[in-house]
Amino acid sequence: MTALAALLAAGIPVGGHYPWPCAAVSETVWRDAATTLADGALTLLGLWGEPGRAHMALLEEPAAIAVVSLDCPDGHYPSVGAMHAPAIRLERAMRDLFGLIPEGLPDTRPWLDHGRWGEDMPPAASYPFLPAIGEALHQIPVGPVHAGIIEPGHFRFTAQGETVVRLEERLGYVHKGIEALLSDAQIARAERIVARTSGDSTVAYSLGFARAVEAALDITPPPRAVWLRAVMAELERLANHFGDFGAICNDASFAIVLAHCAVLRERVLRAASACFGHRLMMDRIVPGGVAVDLGAAGIARLRDLLPTLGDAFAPLVALYDKTASLLDRTVTTGILKPELARRFGAGGYVGRASGRNFDARKQPGYPPYDELRFDVPVLTDGDVNARVWIRVHEIRESLGLLEQLLTRLPDGPVLMSLENVSSGPGEGMALVEAFRGDLLVWLRIVEGRVQRCHLRDASWFQWPLLEAVIEGNIVADFPLCNKSFNCSYSGHDL
Amino acid sequence: MLKFLLQGLRAPLTEPPPALDAELAALAAALDRTARKRLGRGLAIRQVDAGSCNGCELEIHALNNAFHDLERFGLRFVASPRHADVLLVTGPVTKNMREALERTWNATPDPKWVVAVGDCGADGGVFAGSYAVVGGVSAVVPVDLVIRGCPPSPTQLLRGLLSLLTP
C-alpha cells in the first residue's frame, strides 16, 4: 500500500468530496501524515482551517492527491510545521484567521495578523525578527513601501559588508480578508473576489475556482469552453513570462530587453482585450464555462500574433545569451538546491529550475491539456539564469499550445446554466498551473452558496525559499533573485 | 544586434495622447494653478500599493512601455515619496497598510496630490466591508483625483494623469 493510501485507510472516508478523496482522521493519523511529509514520501499541497477543523492536502508524486481532515473542537491540533518546515507559515496564518492552535509549533509569532484588525492596536514595532549573531553585522530594513511599482512587504536583511547573512520576510500587508469574504457568499460574488486575489494570475484563479465549483456540483462545462479557458491561461502565461524576462534583465540594468519585452507583453494584452473584452481577461472564466466566446476575427488575430511574438522574442533571447555582463549577474546567483525545492514542493519555474519536474497541466493534469502536445522544461542549476531559461522554454511551449488550441478549437456552446444543477452540498478541489506555479482551490458548496473557500497560491511555498537562496549573495543581487521568483504578495496575503 | 534592437523601438509604436473627457477636465481645473506654475509641466509620481491585487500595478507599469511612453509628457515614476509631487495609490487600503500609507503621505513634500487608482482605490471595490480593509484611499489621506476601472487601462490612467497637467 502506498503512503497516501495507508493514511486514507486509517481514517473515515468523507463523502461528497471531488475529484480526490478525503478522510476524517484521528490525531495519531494526522501526526503520521506530518511524519510522512517530513520523511519526504509525500509533498504538502495545502494546509487550511475552518472553525473547529483543520485540513491538509497531500500529494504523492507523481499524481496521487488526497485530503485528510482533523476535527479539533477545542481549537488545538498537532503542529505539522514542527516536523515539516513548509507548513510553518500556513499554520501561523490558520492561527491568525481561525484561532486554531498548532500544538508544538516553535514559532508563536502571528503572520498575517499585524494586530490592526480590531480596535486595540499593539505597537507596530513589537514584531520580533529572528536574530543573527556575529561580528560586524548590520541590518537593512526594506519596505513595506518599496522603491519600484511593486507590492508591499517587509524584508529584513542582516548583512556583513555586502554579503547577506540572513533575510527574513514579513508579509501580510495586503491581507484583505478574502477567505472571510468568500464565506457564505453567492457563487457570482465569490467568482469576482477570487478573480482579484492576484491580478497577474486572474485567469488561473478563475479557472481553479470554476473547476472546483464544477467538481463539487458534478458538472462538466462544454468542450469549447474548456479549450477557450486554455487559450486564456496560455495568453496569461505568455504575458507574464515576457514581463518577467524583461524585468529580470532590467534588474541587472540591461533596460533594452525590458523595453522590447514590454512591447511583446502589451501586444498580448491588446489581443486579449480585442478577443475577450478585457486586457487581463478578468472575470472571463466562470463556473459552467466562459463568459465570452471567441469569434473568427479573434481567432485570426491571435493566429497572426503568435509568429510575430516568436520572431520578436528569438533575438532577445540571443542577446541575453550573448551578453557576458548580464550573464555574470544571473549565472550562479541565488541558487536553490534541488533538495530544498523538492521538500517545499516548489511549483512553477522556481521548482522546475531546480530539478522538480511538476506541472499541474501534466500531473494530475486537466482538460484540454491531455489532448495537447507540450513539454515541461526542467533544469537543475537552480540559479537566476535557470529560472530565466525555464521561462524562455515555457514561452515557446505556450506559443505551440496556442497554435494547437486555435487550430483544433471545438465548436458548440461556451456556457452552461447552473440553474438546474445540484446546489450541493459538495466539496470540490482543483489544482491548476498558474504562470508562477500550481494553484490549489478547495471549497464547499451548500445550498448553492460558497460556504467556505480556500485558495493556496504557489507563492506560499516559494517565499520561504527566497530567504534560503539569498544567503551568501550580495545585497545588490537581491532584486535579481526576487524578480526571478516573482512571488505574489496579494495571492499570499489573501 | 543592438542596432537592430534599438531600431525596433522607434516610431510608430508610440501613440498620440488620449483626449481628456469633461469630467476629468473639470477635476483638473479644480487643482491649484499656483502650485502647478511652481512645478512646471513635469510631475514626479510615487506609486503606493496599499492593498491592491496587483492588477492596477500591471497597468501602471504598462504606462512606461513604448506604446504609452509616459515620460514624453514630463511624467515619471520616482523611488521615494520625498522626490514626489503625486502619490498614485492603489488598493482598498488594508488595515495592515494604513500606517505605511499615512507615513508615505507625510514624507511627501507640499504641494502634493493624491490620485486614487482603481475601483478598490475609489471605494474599496469588491473588498469593501472586510474586517481587514479600511475602504477607499480617501478614508486615509485626502484624494484629489480618482481613476476608476478594474483595473483602469493604461489609456484611462494616462488620461487621468494628463488632466493634472492641463488645467
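Residues numbered from 1 in each chain as written. Chains lettered and ligands numbered in written order. Predicted model: local features only at pLDDT ≥ 70, side-chain atom pairs only at ≥ 80, totals over all residues. Heavy atoms only, no water.

1. A short note on the overall build of chain A
No. 1: Each helix and strand counted, chain A has 17 helices and 17 strands in total.
No. 2: Relative to its length of 494 residues, chain A is compact, with a C-alpha radius of gyration of 22 Å against a globular reference of 23 Å.
No. 3: Dimensions of chain A, computed from C-alpha atoms along their principal axes, come out at roughly 70 × 60 × 50 Å.
No. 4: Expressed as a percentage of its 494 residues, the buried residues of chain A come to 62%.
No. 5: For chain A, restricting intrachain contacts to residue pairs at least 6 apart in sequence, the fraction spanning at least 24 positions comes to 67%.
No. 6: Separation of charge centres in chain A, based on 45 positive and 58 negative side chains, amounts to 4 Å. (Helix = DSSP H or I, 4+ residues; strand = E, 2+ residues; numbered from the N terminus. Rg over C-alpha atoms; globule rule 2.2 N^0.38 Å. Buried < 20%, exposed > 50% of the residue type's maximum accessible area, 1.4 Å probe, protein only. Contact = heavy atoms within 4.5 Å. Lys, Arg positive; Asp, Glu negative; His and termini not counted. Charge placed at Lys NZ, Arg CZ, Asp CG, Glu CD.)

2. Some remarks on the pairing of strand β5 (residues 113-117) of chain B
No. 1: Among the five residues of β5 of chain B, five are classified as buried, and the element is accordingly described as predominantly covered.
No. 2: Side chains W113, V115 and V117 of chain B of β5 of chain B all project onto a buried face; the interleaved residues V114 and A116 of chain B project onto the opposite face, where all are buried too.

3. Notes on the pairing of strand β16 (residues 437-446) of chain A
Across a regular strand the side chains alternate sides, sitting on one face of the sheet and then on the other.
Residues and elements named next belong to chain A.
No. 1: β16 sits mainly inside the fold: nine of its ten residues count as buried.
No. 2: Here nine bridges tie strand β15 (residues 426-434) to β16, and the two strands are oriented antiparallel to one another. If you follow A430 over to β16, its bridge partner there is V441.
No. 3: Count of turn residues in the β15/β16 antiparallel hairpin: two residues.
No. 4: Taking the residues between adjacent antiparallel strands as the criterion, β16 and strand β17 (residues 449-456) are bridged by two residues, where E447 takes a positive phi near 50°. (Pairing = 2+ DSSP bridges.)

4. Describing the interface of chain B and chain A
No. 1: Each partner contributes to the interface: chain B provides 50 residues, whereas chain A provides 52 residues.
No. 2: If you sort the residues of chain B by the area they bury against chain A, N96, V126 and Y131 of chain B come out on top, with a joint share of 17%.
No. 3: At the surface where chain B touches chain A, the tally comes to three salt bridges.
No. 4: A salt bridge links R116 of chain A to E99 of chain B, with the nearest nitrogen and oxygen atoms 2.6 Å apart.
No. 5: Seen at the junction of chain B and chain A, the total is 24 residue pairs in polar contact (both at pLDDT 80 or more).
No. 6: Sorting the residues of the side of chain B that touches chain A by element identifies α1 (2-7), β1 (43-49), α4 (55-62) and α5 (98-107) of chain B as the ones contributing at least two each.
No. 7: Sort the elements by how many residues they give to the side of chain B that touches chain A and α4 of chain B lands first, with seven residues. (Buried area = accessible area lost by both parts, 1.4 Å probe. Salt bridge = Lys/Arg side-chain N within 4 Å of Asp/Glu carboxyl O. Polar contact = N/O pair within 3.5 Å; in protein donor to acceptor, adjacent residues only side chain to side chain.)

5. Regarding the environment of G426 of chain A
Residue and element names in this part refer to chain A.
No. 1: Inspection of the secondary structure assignment puts G426 in strand β15.
No. 2: On the accessibility criterion, G426 (4% relative accessible area) is buried.
No. 3: Every residue in contact with G426, bar those within four places of it in the chain, is listed here: G16, A216, L443, R444 and I445.

6. Quick look at the packing of aromatic side chains
All names here are of chain A.
No. 1: With the rule as written, the count across this model stands at 16 aromatic pairs over all chains.
No. 2: Pairing F155 with F157 gives two aromatic rings, centres 6.5 Å apart and planes at 45°, and the pair type is tilted. With respect to class, F155 is no different from F157; both count as buried.
No. 3: On the numbers, 5.2 Å between centres and 70° between planes, the contact of F242 with F313 is edge-to-face. Taken together, the residues F242 in helix α7 (residues 223-250) and F313 in helix α9 (residues 296-322) connect sequence positions 71 residues apart.
No. 4: Given a relative accessible area of 0%, F242 falls into the buried group.
No. 5: On the accessibility criterion, F313 (3% relative accessible area) is buried.
No. 6: One cation-aromatic arrangement involves R156 over F129; the distance from NZ or CZ to the ring centre is 4.1 Å.
No. 7: The residue whose ring lies beneath R391 is Y349, and the NZ or CZ to ring-centre distance is 3.6 Å. (Phe/Tyr/Trp six-rings, centres within 6.5 Å; stacked < 30°, edge-to-face > 60°. Lys NZ or Arg CZ within 6 Å of the ring centre and 35° of its normal.)

7. Focus: the confidence of the model for chain B
No. 1: For chain B, the average pLDDT comes to 86, and 80% of its residues sit at 70 or higher.
No. 2: Among the scores for the predicted complex, ipTM is 0.94 and pTM is 0.95. (pLDDT = per-residue confidence, 0-100.)

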